[in-house]
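# Report on the structure
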Amino acid sequence: MNPTLSKLCRFLKSERREVREAAAVLIGELGTSERRVSQAIIDAMKNADEATKVRLLGSISKIPSISYLPCLVPLLQENGAVRDRAFEAVILLGKRAFPYIKNRYYNASQAEKRNLLSIMARLKSREALVFLIDCLPNSDFELLKFICFTIKTQKESYGKEERNILLKHIHKVLTPAYMKRHSDAFISCLILIGALGDPLSKKKLLLYARPKFQPRIRKYALMALSELRFKEKGDDKVIRELLPYLKENDFFSVGKFALDTLGRLPIPKRLGPAMQDLLKNPQTSVREFALSRMGDFNDRSGVQALLSNFESNDFKLREAARLSLEKMTQAVPVILKRIEETKEIEKARNLASLLRSQRGYFKAEKARGVFKIYQKLMEKQDERLQVYLTLLRLVNPDILYGQTMSVIRELKNKKRFAEARRYLANLQGGPLFTQDARFEMALAELKLSKKDVGLSQRDADPAIRLFAALVHNSLSFAVERLRKERSLDVEDLYYLGFHFAEKLFELKDFGIQILKMLIRKYPRSRCAASAKKKLSAVGTATGGGLAPVTNFVAKS
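## Thoughts on the pattern of salt bridges
- Counted under the stated rule, the structure contains 27 salt bridges.
- The partner of Glu112 in a salt bridge is Arg104, with the nearest N and O atoms 2.6 Å apart.
- The residue Lys280 makes a salt bridge to Asp277 at a minimum N-O spacing of 3.7 Å.
- Judged by its relative accessible area of 68%, Lys280 falls in the exposed class.
- Connected through salt bridges with shared partners, the residues Lys412, Asp436, Glu440, Arg481 and Glu485 form a single ionic network.

## With respect to the packing of aromatic side chains
- Across all of its chains, the model carries 14 aromatic pairs by this definition.
- Relative to Phe362, the ring of Tyr361 lies with its centre 5.2 Å away and its plane at 70°, an arrangement referred to as edge-to-face.
- Judged by its relative accessible area of 23%, Tyr361 falls in the partly exposed class.
- Considering the side-chain rings of Tyr374 and Tyr423, the 6.1 Å spacing of their centres and the 90° angle between planes classify their relative orientation as edge-to-face. Placement of the pair is Tyr374 in helix 24 (residues 364-380) and Tyr423 in helix 27 (residues 417-425), with a sequence separation of 49 residues. With respect to class, Tyr374 is no different from Tyr423; both count as buried.
- Among the aromatic side chains, those forming a connected cluster through ring pairs are Phe98, Tyr105, Tyr106 and Phe131.
- Directly above the ring of Tyr105 sits Lys113, whose terminal nitrogen or CZ lies 5.2 Å from the centroid.

Reading the values: rules and limits
- Residues numbered from 1 in each chain as written.
- Predicted model: local features only at pLDDT ≥ 70, side-chain atom pairs only at ≥ 80, totals over all residues.
- Heavy atoms only, no water.
- Salt bridge = Lys/Arg side-chain N within 4 Å of Asp/Glu carboxyl O.
- Buried < 20%, exposed > 50% of the residue type's maximum accessible area, 1.4 Å probe, protein only.
- Phe/Tyr/Trp six-rings, centres within 6.5 Å; stacked < 30°, edge-to-face > 60°.
- Helix = DSSP H or I, 4+ residues; strand = E, 2+ residues; numbered from the N terminus.
- Lys NZ or Arg CZ within 6 Å of the ring centre and 35° of its normal.

Put into structure tokens, the structure is as follows:
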């Protein structure tokens, strides 16, 4: 040993802690593996305080040697930084540490065994991983749980090679004879197969899930199966084997776990009848599963059963049926017929909500058919019209808007403004109440207005409020639409112009333009003379009474 190292080794025995720590750090930096240096570190570790131990363990980590193992393993029992550094130092030795740890394990206490098993799981060598599995038969229940927990917590750090080592050895020991001799260890192996998630293990798990084995074994085989990463190839066999288990009497030991796996698999269409058969199952969770999958088949034969469950008192069954019905285009005609036959408005509205995802089905022709039903109900003033209105809003709002505006034009030509107002009222409160719709509504209200002369009555007039909203949004739009509107008569223009001419800003401007429009359109009318008088006065007038149109005509 050179003089420098000799002096540093002596410093490890110093009474001053900072000297001991500095010596430990320097030895680590020098990176020497001389036997006498190693022994000096081991001797210094015996009576060192926690801070010095941490420094010494840092040096050991930089010059890993199996000669340190006898002093490192006891440190695994300590707490905090010392324990963490000791773990790190042992793991850095890799598979070189395995023989010592293996020999130590057999005579270790229960607490020390846990630490040694944790080291084994982190070494990742073939020998260490195999040893973990081989420890299962000779372990008590608590240690079995700990081995499973340790492997499960480390599995994310395992590569393909480590996973294959574990799985290969588990499958090697997983035999009926092993199950009879070591049932708890056998179950632990099943749990580990599920944790490692290898889809190639499903064949063996299906074997031990069969009725010839004990319910306890079947339960854990099915639990493991539910955790596997499934692939499409061969999944049909899994489904065929598991479906009968849902009908077994001991549902909570077997069927429940079979259902967990089935819930992760796509059910092929040819098994549609089997799903309908499951609706007779006494277990709500099984019926819920069947209902949720029936929508994938788009089979009209299952629609009635789905609709019956959609009206169930059980929320889960209702939701499962709803999710399936929303997917099925084959269900649409049946639902429409059910809506037509249903007398209860709320029930019909719920049925209509099932079709919200069927916009592709309700193209122009079919949506127009729904609108015709809506139109007939509007004519009869049947309250069920709200159901079809809701349906059209959900599946094809463009058709609802376009057809409504077309009906409005026809009703205007026939001067049926009250009916037009009812149609337009159904567009209010949403994006379908466009500027054009608002104008038509304002026009209908104007034609139906009593045109009361009192200022308070005028301010409360729906027609006045709607035209004010139009003007605030776009003055030019309101004026242009009124200029082109043929259904307006002189009294309509006089009423609007006279009222708004008394207001301020753009509303006043609107009123003035309407009065000028009246004069141009009806220059010889009696209202034109009154409009001219109003125009000459609005510059100074702050508001005044509006003479009744009829009175004005009589005086003229």
